[in-house]
Amino acid sequence: QDKQLLKDYSRVSVDLGHGAVKPLDPELRGAADISHVAGSMPANLAGLGPVGTGAHSVKETLEVPSLSIATQRAAVLIYRLTPAKDVVAYAGQSQ
């Protein structure tokens, strides 16, 4: 299921005009918060944040434009994965 979720995420990225997202070797990505609950979830993704260098060091950098891209990708993926009835119910409207 992880591969399908990555495929869905990549489709979102392509649809937004940011190109396909390819899997990376986990050893190149570093630790991820998802590792704390990954065993309890049927599918999960890591590394959805912005691009930068120097991970968690005094020399850490952030490519600011990548923050907007990462946010757009995540928001659209969540929207697409949320059944429409749940969105309407959350908005306080009857079906």
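Structure: see above.
As the structure is a computational prediction, the values presented were derived from the model and not from experiment.

A. Inspection of helix α1 (residues 2-15) at higher detail. The end-to-end C-alpha distance of α1 is 20 Å, a good match for the 20 Å that 14 residues give at a rise of 1.5 Å each. Where α1 is buried, its residues meet α3 (64-81). Once α1 ends, the next one or two residues include G17, with phi positive near 85°.

B. Seen up close, the packing of α1 against α3. Remark: α1 packs on α3, axes separated minimally by 9 Å, with the N-to-C direction vectors making an angle of 120°. Our classification of the angle between α1 and α3 gives oblique. Crossing of α1 over α3 shows right-handed handedness. Together, L5, D8, Y9, R11, V12, S13 and D15 of α1 and R73, A74, V76, L77, R80 and L81 of α3 make up the contact between the two elements. Considered class by class, the residues forming the contact of α1 with α3 number seven nonpolar, one polar and five charged.

C. A nonpolar patch on the surface, seen in detail. A cluster of nonpolar side chains, contributed by L62, V64 and L67, occupies part of the molecular surface with about 270 Å² of accessible area. Its place among the elements puts L67 in helix α3.

Basis of the calculations
Residues numbered from 1 in each chain as written. Predicted model: local features only at pLDDT ≥ 70, side-chain atom pairs only at ≥ 80, totals over all residues. Heavy atoms only, no water. Helix = DSSP H or I, 4+ residues; strand = E, 2+ residues; numbered from the N terminus. Expected span 1.5 Å × (residues − 1). Contact = heavy atoms within 4.5 Å. Axes fitted to C-alpha atoms, helices over the stretch in contact; angles between N-to-C directions. Parallel < 35°, antiparallel > 145°, perpendicular 65-115°, else oblique. Left-handed = near helix turned anticlockwise from the far one by under 90°. Nonpolar A, V, L, I, M, F, W, Y, C, P; charged D, E, K, R; others polar. Patch = residues over 30% accessible without salt bridge, like charges linked within 9 Å, V, L, I, M, F, W, Y side chains within 5 Å. Areas by Shrake-Rupley, 256 points an atom, 1.4 Å probe, with all protein chains shown as cover. Salt bridge = Lys/Arg side-chain N within 4 Å of Asp/Glu carboxyl O.

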